[in-house]
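Residues per chain are reported as follows:
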Amino acid sequence: MPCRPGIYRSDFKKMTSLREFAPDLECLFDALGYEQVSLMSFSFGSGVALATAHELPDRIRKIVLSSPSYPKYKHDNWRELDQFYHLSAVLAQRWPAMFRQLIPFLVRSIIQNAPRYMERYCNRTPSTHDVELLSHPTIGIRSSKMLEERTAGGVNGMVEENFLNARGWDFDVRHVLAETEIYHGADDNVAPAQGGEHLSHHLPNASFTLFNDKGHYQHISSWPWMVARAAGLDVQPYDRTYTIPTI
């Protein structure tokens with residue numbers, strides 16, 4: 001799980017494209033001694049995963065995307081969605097300068113009162129699965145501490161990545177040839193499932209699976225089988241008997 005520039009105490013680097021993450025990731029592949037790897041991503045991270053596969057086609061074997069956010073998809077009624085969609089899909093494209101100013105404010109407000117943010121999200125989401133996950137005390141504590149650590153070196157890294165995603169990808173996903181599996185919850189009101197399905201139609205070698213009873217944060221409970229799928233193992237989605245083997 002690599003740190004993007006400016007996040008988790010890493011050095012900030014000004015970037016103009018999500019494709020600029022690829023050289024750092026290639027150095028990581030080399031350092032670990034892997035000629036080919038698989039990628040798994042969540043939400044906005046899908047832009048980084050697909051951009052890397054676009055730039056390093058010979059190094060990426062497979063991609064698993066959970067609840068991907070696809071900038072080309074525009075929801076018919078954006079007001080019914082979460083405030084994160086309002087920021088990334090509406091404000092960032094119409095008023096980018098204001099978007100850059102709001103992200104640090106939003107991050108600090110969440111850090112100062114994470115339970116309130118979780119409660120507000122749970123009150124708005126139609127996903128009972130998301131409510132169950134985010135209401136768990138351990139998830140709340142870890143999410144807050146993770147965000148604190150993620151921004152310990154400043155918020156420039158988060159602002160940069162959010163902005164590069166929200167303004168629209170500057171690469172053609174039709175050139176991403178790696179096998180790609182997309183998993184989306186029908187009750188996702190942060191990155192609507194219609195966007196994930198739209199993305200699957202643009203990728204040459206993609207499958208789309210919709211879970212009617214899941215929301216945006218399904219990866220919290222599903223990451224073991226998603227990692228296994230990315231590794232090429234024949235594990236069925238939401239196989240509750242599967243656990244990550246100990247090495």
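Thresholds, definitions, all that
- Residues numbered from 1 in each chain as written.
- Predicted model: local features only at pLDDT ≥ 70, side-chain atom pairs only at ≥ 80, totals over all residues.
- Heavy atoms only, no water.
- Helix = DSSP H or I, 4+ residues; strand = E, 2+ residues; numbered from the N terminus.
- Rg over C-alpha atoms; globule rule 2.2 N^0.38 Å.
- Buried < 20%, exposed > 50% of the residue type's maximum accessible area, 1.4 Å probe, protein only.
- Contact = heavy atoms within 4.5 Å.
- Areas by Shrake-Rupley, 256 points an atom, 1.4 Å probe, with all protein chains shown as cover.
- Lys, Arg positive; Asp, Glu negative; His and termini not counted.
- Charge placed at Lys NZ, Arg CZ, Asp CG, Glu CD.
- Phe/Tyr/Trp six-rings, centres within 6.5 Å; stacked < 30°, edge-to-face > 60°.
- Lys NZ or Arg CZ within 6 Å of the ring centre and 35° of its normal.
- Salt bridge = Lys/Arg side-chain N within 4 Å of Asp/Glu carboxyl O.
- Pairing = 2+ DSSP bridges.
- Axes fitted to C-alpha atoms, helices over the stretch in contact; angles between N-to-C directions.

A.B. asks: I keep staring at the overall build of the chain and nothing clicks. Help me out?
C.D. replies: From N to C terminus, the chain includes ten helices and four strands. Secondary structure of the chain in N-to-C order comes out as α-β-α-β-α-α-α-α-α-α-β-α-β-α. A compact globule built from 247 residues should have a C-alpha radius of gyration of about 18 Å, and the chain, at 17 Å, falls within 12% of that. Reported as C-alpha extents along the three principal axes, the dimensions of the chain are approximately 45 × 40 × 40 Å. Among the 247 residues that make up the chain, the fraction classed as buried is 48%. Residue pairs in contact within the chain that sit at least 24 positions apart in sequence constitute 71% of those at least 6 positions apart. Carbon and sulfur atoms make up 53% of the accessible area of the chain, which totals about 13,000 Å². The averaged location of the 28 negative side-chain charges in the chain is 6 Å from the averaged location of its 25 positive side-chain charges.

A.B. asks: Could you clarify how one ought to interpret the packing of aromatic side chains in this entry?
C.D. replies: Ring pairs (aromatic) are described by centroid distance and by the angle formed between their planes. Scanning all chains against the criterion turns up nine aromatic pairs. Between Y70 and W169, the aromatic rings sit 5.3 Å apart at their centres with planes inclined by 50°, giving tilted as the arrangement. You can see Y70 sitting in the loop between β2 (60-66) and α3 (83-94) and its partner W169 sitting in the loop between α8 (156-166) and β3 (179-185), a full 99 residues away along the chain. The same class applies to Y70 as to W169, namely buried. Both rings, one in W225 and one in Y238, keep their centres 5.4 Å apart while their planes meet at 55°; by these two values the pair is tilted. Placement of W225 in helix α10 (residues 219-230) and of Y238 in the segment after α10 is noted, with a sequence separation of 13 residues between them. Take W225: its relative accessible area is 3%, and that puts it in the buried class. Residue class for Y238 comes out buried when judged on its relative accessible area of 18%. Each residue in the set Y183, F211, W225 and Y238 is aromatic and connected to the rest through ring pairs, giving one cluster. Above the plane of the ring of Y238 lies K214, whose end atom (NZ or CZ) is 4.4 Å from the centre.

A.B. asks: Please clarify how the pattern of salt bridges should be interpreted in this entry.
C.D. replies: Once the charged atoms of two side chains with opposite charge are near each other, the side chains can pair. Under the defined criterion, the tally for this structure stands at twelve salt bridges. Between D213 and K214 there is a salt bridge, and its shortest N-O distance comes to 2.9 Å. The exposure class assigned to D213 is partly exposed, which follows from its relative accessible area of 47%. Through salt bridges with shared partners, a single ionic network connects K62, E179, E181 and R229.

A.B. asks: Would you explain helix α2 (residues 45-55) in this entry?
C.D. replies: Since the α-helix advances by 3.6 residues per turn, residues separated by three or four positions end up pointing in the same direction. The element α2 is largely enclosed, with a buried count of nine among its eleven residues. The complete set of buried residues in α2 reads G45, S46, G47, V48, A49, L50, A51, T52 and A53. Where α2 is buried, its residues contact α1 (22-32), β1 (37-42), β2, α8 and α9 (193-202).

A.B. asks: What am I meant to see in the sheet that holds β1 here?
C.D. replies: Sheet strands line up and pair through hydrogen bonds in the backbone, either parallel or antiparallel. Read from one edge of the open sheet, four strands run β1-β2-β3-β4, paired in parallel fashion. The open sheet terminates on both sides in strands that have one partner only, identified here as β1 and β4 (206-211). Averaged over all adjacent pairs, the angle separating strand axes in this sheet is 15°, with direction ignored. Strand direction decides the pairing type here: β2 and β3, joined by five bridges, are parallel. Residue I63 lies in a different strand from β3, and its bridge partner there is T180.

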